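# Coordinates in review
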Amino acid sequence: MVITAIKQQVKSANRYSIFVEGKYSFSLSETALLESKITNGQELTAEQIAEYKQLSADDKLYNRALNYVALRPRSVWEVEFYLKRKDAPLPLTEQITNKLQNLGLLDDRKFAESFVHDRRLLRSASTRKIQLELRKKHIASEVIEQVLTDDETDEGAMLRDVIERKRQQSKYRDDDLKLMQYLARQGFGYGDIKQALEESKD
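What comes next is a walk through the structure.

One finds Leu 61, Val 79, Leu 83, Ile 96, Leu 100 and Leu 106 to be the most contacted residues of the largest nonpolar core, which totals 14 residues. The set of elements that each furnish at least two residues to this core consists of helix 2 (46–71), helix 3 (76–85) and helix 4 (90–102). It is helix 2 that contributes the most residues to this core, five residues altogether. Contacts of Val 79, omitting those with residues within four sequence positions, involve Tyr 68, Val 69, Arg 74, Thr 97, Leu 100 and Leu 106.

See below:
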């Protein structure tokens, strides 16, 4: 069986359709195509075609994972779970995550740093809440500890700022209990909340 055409796809310019004996057989990304070294006019056995079709399926999963990490920073566990939902076998999952890590696109330390920065800036999250959220994403305890140690956020000042902003909302303006419940859900300690509320009144 002979490869009779290799055509760039219209809807996905990074992928190429491979035709065998005039019929579509499988597709590969540009990178996978170059690595495979297959050429127009090359003869393939039925076994080789089956291998390339498997390579095509694996290549598609890799590119989906690539797009997944491109949307926003991801933890290694998030990518592993994503691939599990796509029914990727464990060896392929390990292969893909290792490749992404080697490319610098998957790094739990960088992910944790970005996560802490965003939670502090956008949600005024407490250290305790951030710790819990990072654990849910299976970030190693030593990474969490180091990243939070390097974080220079003044949590007391942040808590007072949150109280000041929430006081501007009618449902919290004159209801300390409701405000305390909200702050507790954000992971702030009762003692810290009480002290910050008293300081805000002063």
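What follows continues from the structure just given.
Another aspect to go through is a positive patch on the surface. A cluster of basic side chains, namely Lys 60, Arg 64, Arg 85 and Lys 86, defines a positive patch on the protein surface. Here Lys 86 is to be found in the loop between helix 3 and helix 4. On the basis of relative accessible area, Lys 86 is assigned to the partly exposed category, the value being 36%.

Here we come to the pairing of strand 2 (residues 15–20). With six of six residues buried, strand 2 is to be regarded as a mostly interior element. Of the two faces of strand 2, the one carrying Arg 15, Ser 17 and Phe 19 and the one carrying Tyr 16, Ile 18 and Val 20 are both buried. The turn joining strand 1 (residues 3–8) and strand 2, which pair antiparallel and follow one another in sequence, is formed by six residues. Summarising the sheet, strand 2 and strand 3 (residues 23–29) pair through six bridges and their orientation is antiparallel. When the bridges of strand 3 are listed, Val 20 appears paired with Lys 23. Linking two consecutive strands that pair antiparallel, namely strand 2 and strand 3, is a turn of two residues; a positive phi of about 55° is found at Glu 21 within it.

This brings us to the packing of helix 2 against helix 4. Packing of helix 2 against helix 4 leaves a shortest axis separation of 10 Å and a crossing angle of 45°. The angle between helix 2 and helix 4 places the two elements in the oblique class. When the axes of helix 2 and helix 4 are compared, the crossing they make is right-handed. Contacts between helix 2 and helix 4 involve Asp 58, Leu 61, Tyr 62, Ala 65, Leu 66 and Val 69 from the former and Leu 92, Ile 96, Lys 99 and Leu 100 from the latter.

Thresholds, definitions, all that
- Residues numbered from 1 in each chain as written.
- Predicted model: local features only at pLDDT ≥ 70, side-chain atom pairs only at ≥ 80, totals over all residues.
- Heavy atoms only, no water.
- Core = buried A, V, L, I, M, F, W, Y, C linked by side-chain atoms within 4.5 Å.
- Buried < 20%, exposed > 50% of the residue type's maximum accessible area, 1.4 Å probe, protein only.
- Helix = DSSP H or I, 4+ residues; strand = E, 2+ residues; numbered from the N terminus.
- Contact = heavy atoms within 4.5 Å.
- Patch = residues over 30% accessible without salt bridge, like charges linked within 9 Å, V, L, I, M, F, W, Y side chains within 5 Å.
- Areas by Shrake-Rupley, 256 points an atom, 1.4 Å probe, with all protein chains shown as cover.
- Salt bridge = Lys/Arg side-chain N within 4 Å of Asp/Glu carboxyl O.
- Lys, Arg positive; Asp, Glu negative; His and termini not counted.
- Charge placed at Lys NZ, Arg CZ, Asp CG, Glu CD.
- Pairing = 2+ DSSP bridges.
- Axes fitted to C-alpha atoms, helices over the stretch in contact; angles between N-to-C directions.
- Parallel < 35°, antiparallel > 145°, perpendicular 65-115°, else oblique.
- Left-handed = near helix turned anticlockwise from the far one by under 90°.

Geometry only, nothing functional implied.
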